[in-house]
Every structure is written in structure tokens, then in C-alpha cells.
Amino acid sequence: MTTAPTATAARFRAAVDNRDLAALDDLFTDDIRFYSPVKFTPFEGKPLVLGLFGVLLRTFEDFRYTGHHDGTAETSADGGVSDSAVLLFRAAVGGKQIHGIDLLHFDDTGRIKEFTVMVRPQSAVQALGEAVLAGLVADGLVPAPAER
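What this report covers is the structure whose coordinates are included nearby. Please read all numbers here as calculations on a predicted model, not as lab measurements.

Some thoughts on the overall build of the chain
1) Next: Across its full length, the chain holds four helices and six strands.
2) Next: Listing the helices and strands of the chain from first to last along the sequence gives α-α-β-β-α-β-β-β-β-α.
3) Next: Taking the principal axes of its C-alpha atoms as reference, the chain extends roughly 45 × 30 × 30 Å.
4) Next: The buried share of the chain, reckoned over its 148 residues, is 43%.
5) Next: Long-range pairs, those at least 24 residues apart, make up 52% of the contacts in the chain with a sequence separation of at least 6.
6) Next: Surface summary for the chain: the accessible area is close to 7800 Å², and the carbon and sulfur share equals 52%.
7) Next: Of note, the chain has its 14 positive side-chain charges centred 6 Å away from the centre of its 20 negative side-chain charges.

As for helix H3 (residues 46–59)
1) Next: Helix length check: H3, at 14 residues, gives a terminal C-alpha distance of 20 Å against a target of 20 Å (1.5 Å per residue), a fit within 8%.
2) Next: Counted residue by residue, H3 has 11 buried out of 14 residues, so it is predominantly covered.
3) Next: Those residues of H3 that fall on the buried side of the exposure criterion are Lys 46, Val 49, Leu 50, Gly 51, Leu 52, Phe 53, Gly 54, Val 55, Leu 56, Leu 57 and Thr 59.

Topic: the nonpolar core
As a rule of thumb, nonpolar side chains are buried together in soluble globular proteins.
1) Next: The biggest cluster of nonpolar side chains holds 38 residues, and the ones touching the most others in it are Phe 12, Leu 24, Phe 28, Phe 34, Phe 60 and Ile 112.
2) Next: Secondary structure elements with two or more residues in this core: helix H1 (3–17), strand S1 (28–35), H3, strand S3 (61–74), strand S4 (81–93), strand S5 (96–106), strand S6 (112–120) and helix H4 (122–138).
3) Next: For this core, the element with the highest residue contribution is H3, accounting for seven residues.
4) Next: Setting aside anything within four residues of it in sequence, one finds Leu 24 in contact with Phe 12, Ala 15, Val 16, Leu 50 and Phe 53.

Topic: the packing of H3 against H4
1) Next: Look at H3 against H4: their axes get within 9 Å of each other, and the N-to-C directions meet at 125 degrees. As the angle between them shows, H3 and H4 are arranged oblique. In the crossing of H3 with H4, the sense of the turn from one axis to the other is right-handed. Seen from H3, the contacting residues are Leu 52, Val 55, Leu 56, Arg 58 and Thr 59; seen from H4, they are Leu 128, Ala 131, Val 132, Gly 135 and Leu 136.

Some points on the environment of Gly 129
1) Next: With respect to the helices and strands, the residue Gly 129 is situated in helix H4.
2) Next: Along the sequence, Gly 129 and Val 38 sit 91 residues apart, while their C-alpha atoms lie 5.7 Å from each other.

Notes on the pairing of S5
1) Next: When S4 meets S5, the two strands line up antiparallel, connected through 10 bridges. Paired with Phe 89 across the bridge in S5 is Gly 100.
2) Next: Counting the residues in the hairpin turn of S4 and S5 gives two residues, including Gly 94, whose phi is positive at 55 degrees.
3) Next: Pairing analysis gives eight bridges linking S5 to S6, with the strands arranged antiparallel.

Structural notes on the sheet that holds S4
1) Next: The sheet built from six strands is open, its strands ordered S2-S1-S6-S5-S4-S3 with mixed pairing. In the strand order of this sheet, the two ends are held by strand S2 (43–44) and S3, each with one partner.
2) Next: The sheet contacts of H3 involve S1, S2, S3, S4 and S6, and relative to S1 the element is tilted by about 55 degrees.

What counts and what doesn't
- Residues numbered from 1 in each chain as written.
- Predicted model: local features only at pLDDT ≥ 70, side-chain atom pairs only at ≥ 80, totals over all residues.
- Heavy atoms only, no water.
- Helix = DSSP H or I, 4+ residues; strand = E, 2+ residues; numbered from the N terminus.
- Buried < 20%, exposed > 50% of the residue type's maximum accessible area, 1.4 Å probe, protein only.
- Contact = heavy atoms within 4.5 Å.
- Areas by Shrake-Rupley, 256 points an atom, 1.4 Å probe, with all protein chains shown as cover.
- Lys, Arg positive; Asp, Glu negative; His and termini not counted.
- Charge placed at Lys NZ, Arg CZ, Asp CG, Glu CD.
- Expected span 1.5 Å × (residues − 1).
- Core = buried A, V, L, I, M, F, W, Y, C linked by side-chain atoms within 4.5 Å.
- Axes fitted to C-alpha atoms, helices over the stretch in contact; angles between N-to-C directions.
- Parallel < 35°, antiparallel > 145°, perpendicular 65-115°, else oblique.
- Left-handed = near helix turned anticlockwise from the far one by under 90°.
- Pairing = 2+ DSSP bridges.

On their own, these measurements won't tell you what the molecule is for.
Following this line, the structure appears as C-alpha cells:
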């Protein structure tokens, strides 16, 4: 792994720790894809992904990274292999404890081009999904779901 992705992962982690959306803006490609544990299709594009991070940073309680692994992995978008980092985290949402990982894929310049989040247990995934959807709707980033 080259030094650019390692530096980007460290800067990303610091930006999240400091809840600094402006710092995140410099780390993402314009066409970033964010794969959520609660939505099949990715969030696409820097404006939407930054908006999502604004919601996430408000939603997670006691968020902390607990580990970091570097390597390479196949991306979802094009099936190519890129430098990657896995950041392990713990947090809470609505009183539910979450264990998760952030999988970051980097472009040739070291910026984050693809981001995948995986969390457990299922009860926490459900609480996270409901809280994030409410935040996205409140911020005008997605329409309110239709009543059933």
C-alpha cells in the first residue's frame, strides 16, 4: 500500500473523531459511492455522501475507532483492485451497541472513491437505519417514505 491511502485513512479517522465535515470534503472523490448496511443501492456523489456523514456524525453516540488494517480489495463499482483500509469501530444508536467496520477504497491519488459500512447486531442495524433515514429526511437529502 502506498503512503497516500495510509495518510488519507489517518486524516479520515481524525476528521470523524473531530466531527469535521470540511476535512472529509477533501478526502472524497467527486463520484464517491457509499454502501450502507441498510440500503441496497449506494449513495452516490460527494454532496449526498457528505450530507449522509453529517447525519451519521449526529446519530452515533460514543463513536470510536478500535482498529485499522491496510491492504487491497476488489471494489464494488468496477471490480478492480485498489488500495484499501478497514477501520473497526464501536458506537451506540438509540441505546443499542454497535460493532462495525468501515471499508475504504482509494483511487490512484489516495482519495476515497468507495466506502462500505458493515455493522452488527441486527437490532442495531435496524435502529441505525431508522435514525439515519429520519436524519436524511429532516435534512432534505431524501424524500420521506410513502405511507403503507
